[in-house]
Amino acid sequence: MKLPKTAKIHEVGPRDGLQNEKAPVSTTDKIALVNALAQAGLTSIEYGSFVSPKWVPQMADSDEVGRLITRLPGISYQALVMNMKGYERAKATGMDSVNIVTGVSETFNRKNMNAGVDESLENYRPIIAQARQDGIQITAYVSTAFGCPYEGEILFANVLEVSRKFLTMGADEVILSDTIGCAHPKQVSELLAMHLEHIPVDKLGVHFHDTRGLALANVLAALQLGVNRFDGSVGGMGGCPFAPGAQGNVCTEDLVFMLEEMGVETGVNVPALIEVSRTVEGLLGRALPGHIKSAKHKPSYLERK
Ligand code: HMG
Ligand code: MG
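Since the structure is predicted, the reported quantities are computational estimates derived from the model, not experimental observations. (Residues numbered from 1 in each chain as written. Chains lettered and ligands numbered in written order. Predicted model: local features only at pLDDT ≥ 70, side-chain atom pairs only at ≥ 80, totals over all residues. Heavy atoms only, no water.)

(A) A look at the coordination of the magnesium ion (ligand 2). Looking at the magnesium ion (ligand 2), one finds its protein donor set to be Asp-16 (OD), His-207 (NE2) and His-209 (NE2), positioned 2.0 to 2.3 Å from the metal centre. Each donor residue of the magnesium ion (ligand 2) lies on the same chain, and together they follow the pattern D-x190-H-x1-H. According to the relative accessible area criterion, His-207 is buried, its value standing at 4%. (Donors = N, O, S within 2.8 Å, 3.2 Å for Na, K, Ca; no water. Buried < 20%, exposed > 50% of the residue type's maximum accessible area, 1.4 Å probe, protein only.)

(B) Representation of the environment of Glu-153. Within the secondary structure layout, Glu-153 lies in the loop between strand E5 (137-143) and helix H7 (156-169). Spatially, the C-alpha atom of Glu-153 lies 26 Å from that of Asn-123, the residues being 30 residues apart in sequence. (Helix = DSSP H or I, 4+ residues; strand = E, 2+ residues; numbered from the N terminus.)

(C) Representation of the pattern of salt bridges. Considering all chains together, one arrives at 17 salt bridges under this definition. Across the pair Arg-110 and Glu-119 runs a salt bridge whose closest N-O atoms are separated by 4.0 Å. Arg-110 sits in the partly exposed class, given a relative accessible area of 43%. With a closest N to O distance of 2.4 Å, Arg-229 and Asp-231 form a salt bridge. Asp-231 matches Arg-229 in its accessibility class, with the two residues each being buried. Sharing partners across several salt bridges, the network here consists of Arg-15, Asp-16 and Glu-46. (Salt bridge = Lys/Arg side-chain N within 4 Å of Asp/Glu carboxyl O.)

(D) Focus on the site of ligand 1. As a structural note, the neighbourhood of ligand 1 is formed by 26 residues, with Lys-54, Arg-89, Asn-114, Ser-143 and Thr-179 the closest of them. Between ligand 1 and Asn-83, the relevant distance is 2.8 Å, taken from a nitrogen atom to a side-chain nitrogen or oxygen of the residue. A distance of 2.7 Å separates a nitrogen atom of ligand 1 from a polar side-chain atom of Arg-89. Relative to its unbound accessible surface of 1100 Å², ligand 1 loses 75% to contact with the protein. Its atoms largely coinciding with the cavity grid, ligand 1 occupies the largest pocket. Looking at the shell around ligand 1, the elements with two or more residues in it are helix H1 (13-17), helix H4 (84-92) and helix H5 (106-113). Considering each element in turn, the shell around ligand 1 owes the most residues, three residues, to H4. Looking at the shell around ligand 1 residue by residue, the classes come out as ten nonpolar, eleven polar and five charged. (Near = heavy atom within 4 Å. Polar contact = N/O pair within 3.5 Å; in protein donor to acceptor, adjacent residues only side chain to side chain. Areas by Shrake-Rupley, 256 points an atom, 1.4 Å probe, with all protein chains shown as cover. 1 Å grid on protein atoms, 1.4 Å probe; cavity = no way out; pocket = protein on both sides within 12 Å on 5 of 7 lines; lining within 4 Å. Sits in = over half its atoms within 2 Å of the grid points. Nonpolar A, V, L, I, M, F, W, Y, C, P; charged D, E, K, R; others polar.)

The following block contains the structure:
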């Protein structure tokens, strides 16, 4: 099997993971989580989102989190924003990359950000221009790329149109996102193959939720096409509050474990990540869905010391 030699893992646990949690997680615990993820070797971490606290109260303290995390060299600390107010807040905390998002589905977009698809793209124009001026990288998420909780099937052509618009507007990369975890590997292959006819592979990434247990299979489908930029969430927590039925993101330690076992280097330390995952389970008071941390027979290098 021909696979990329390395993969870039972007950790979304402190943002996608915690944005949907019912029980509050303290700012101190969020800061410790981001720092522990960095210590585990993750070089790209989304520490929060700067949206309206009325819409997503769980992320209201992202300013403090961003200001108080320990910045390690070589790590890209990233934040999700949806408007200029959010961009300015996030910039004040010193983000390295701004993550913007638009759904392909009109209904999802209105429910998630109170704007239609074209309207939201236009709203991002000044943010992209400002980020360029500020020397901040721009990552654009294309949500509901594989299906929508409100509209169902999404046409490939419409996904490609949003991806190309984002890149034409100045985004550095586009992340095709399976918001509700409904994608399957054949669909992933076909949508990515279509994108790769127009977009270089190093400008494409994927963000899979694992609602139906197919996220790792979808990762493999992407890998086989040379796509090697993956989002994951420690323990497998996650979900969008405005996408009913969405469950957690692909679990980062399971994702890294699979890649490393197949010889795809990530630079992430799985045993350290498993410890972070156990700490998060303690914080949330429940078991998280990831598999490798509780596998009875695992390679000796993963056994608890
Ligand atoms: P709106 O109600 O149209 O905005 O919401 P508005 O401008 O009328 O503002 C409403 C109130 O919010 C005002 O306060 C604003 O000041 C305040 P008031 O005057 O009523 O006191 N406000 C803000 N406060 C602080 N920071 C801000 C900010 N913006 C407005 N940045 C808006 C529009 C975009 C703000 C809203 O829809 C929103 O916050 N949505 C957040 C939705 C969200 O976070 N969803 C989850 C993340 S997306 C995701 O998870 C998908 C992803 O993982 C990929 C995938 O899986 O598909 C990325
Ligand atoms: Mg998500």
